[in-house]
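Structural characterization, general
The chain contents come next:
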Amino acid sequence: GGASWLRQAEELGLSVQEADAALEFELGLGTDLFLELAKLRAARLAWSRLLAACDDAADAPRARLHARSSERAWTVRDPWVNPLRATTMTFAGALGGADSIAALPFDALLGVPDEEALRLAANTHAILADESHLAAVDDPAAGSGYVEELTDALAREAWARFRRIEELGG
């Protein structure tokens, strides 16, 4: 997706910076806290590396990331467990540096969410990111050996897969 957009933008006469400004990535979050926050950090690193390779710029722009809770992690049989899952996903999104986060209402898979579920979904982000001041730190996971290693491993694998895809014609 992103590389294809950069190619199209170039054909339209847009610079790499202009193309980047028009793009936002959406990533689904699961319940593995460390894997999900490292995934967000790795996505940002991989995108910055691609932009730097395209533009030969030393300080590539920062990718905008939208994180959302994944329906795959939700349960239908016991929806009251889903608020805990949403909290983990939202926490991972905030620590991983997502620019915006959306949590599904805990009863979303049962049909139309009720008012309580909608309120809880909206407030989970507000409580974690804003009232707990998680959003006040640029990279709260920086310096953690485990998270840094996991981020690096994910970013290297993403870059290797991208290069393989490009070798096959994109």
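Residues numbered from 1 in each chain as written. Predicted model: local features only at pLDDT ≥ 70, side-chain atom pairs only at ≥ 80, totals over all residues. Heavy atoms only, no water.

1. Focus: the overall build of the chain
Tallying secondary structure elements over the chain gives six helices and three strands in all. When the elements of the chain are put in sequence order from the N terminus, they spell out α-α-β-α-β-α-β-α-α. For the chain, buried positions account for 36% of its 170 residues. Contacts spanning at least 24 positions in sequence make up 69% of the contacts within the chain whose residues lie at least 6 apart. Surface exposure of the chain reaches about 9900 Å², of which carbon and sulfur atoms provide 53%. A gap of 6 Å separates the mean positions of the 16 positive and 28 negative side-chain charges of the chain. (Helix = DSSP H or I, 4+ residues; strand = E, 2+ residues; numbered from the N terminus. Buried < 20%, exposed > 50% of the residue type's maximum accessible area, 1.4 Å probe, protein only. Contact = heavy atoms within 4.5 Å. Areas by Shrake-Rupley, 256 points an atom, 1.4 Å probe, with all protein chains shown as cover. Lys, Arg positive; Asp, Glu negative; His and termini not counted. Charge placed at Lys NZ, Arg CZ, Asp CG, Glu CD.)

2. Quick look at the packing of aromatic side chains
The geometry of an aromatic ring pair comes down to the distance between the two centres and the angle between the two planes. Taken as a whole, this structure holds four aromatic pairs when the rule is applied. Relative to W47, the ring of F25 lies with its centre 4.8 Å away and its plane at 70°, an arrangement referred to as edge-to-face. One end of the pair, F25, is in strand β1 (residues 25-29); the other, W47, is in helix α3 (residues 33-55), and 22 residues separate them in sequence. F25 sits in the partly exposed class, given a relative accessible area of 23%. Residue classification places W47 among the buried positions, given a relative accessible area of 5%. For the ring pair F34 and Y146, a centre distance of 5.5 Å and an interplane angle of 85° mean the geometry is edge-to-face. Pair noted here: F34 is in helix α3 and Y146 is in helix α6 (residues 145-167), with a separation of 112 residues, a long-range link. (Phe/Tyr/Trp six-rings, centres within 6.5 Å; stacked < 30°, edge-to-face > 60°.)

3. A word on the environment of A117
Relative to the helices and strands, A117 resides in helix α5 (residues 115-131). A relative accessible area of 0% places A117 in the buried class. Linking A117 and F106, residues 11 residues apart in sequence, is a C-alpha distance of 5.8 Å. Those residues in contact with A117 that sit more than four places away from it in its chain are P105, F106 and D107.

4. Concerning a nonpolar patch on the surface
Judged by side-chain polarity, V76, L109 and L110 come together as a nonpolar surface patch covering roughly 240 Å² of accessible area. Note on placement: L110 falls in the loop between β3 (100-102) and α5. (Patch = residues over 30% accessible without salt bridge, like charges linked within 9 Å, V, L, I, M, F, W, Y side chains within 5 Å. Salt bridge = Lys/Arg side-chain N within 4 Å of Asp/Glu carboxyl O.)

5. Quick look at the pairing of strand β2 (residues 65-69)
The buried count for β2 comes to four of five residues, which makes it a mostly enclosed element. Where β1 meets β2, five bridges bridge the pair, whose relative direction is parallel. Bridge pairing in β2 places L27 opposite A67. Relative to β3, β2 runs parallel, the two sharing three bridges. The residue bridging H66 from the neighbouring strand is S100, located in β3. Taken together, β2, helix α4 (residues 82-95) and β3 form a β-α-β motif whose crossover is right-handed. (Pairing = 2+ DSSP bridges. Right-handed = clockwise from strand over helix to strand, strands pointing away.)

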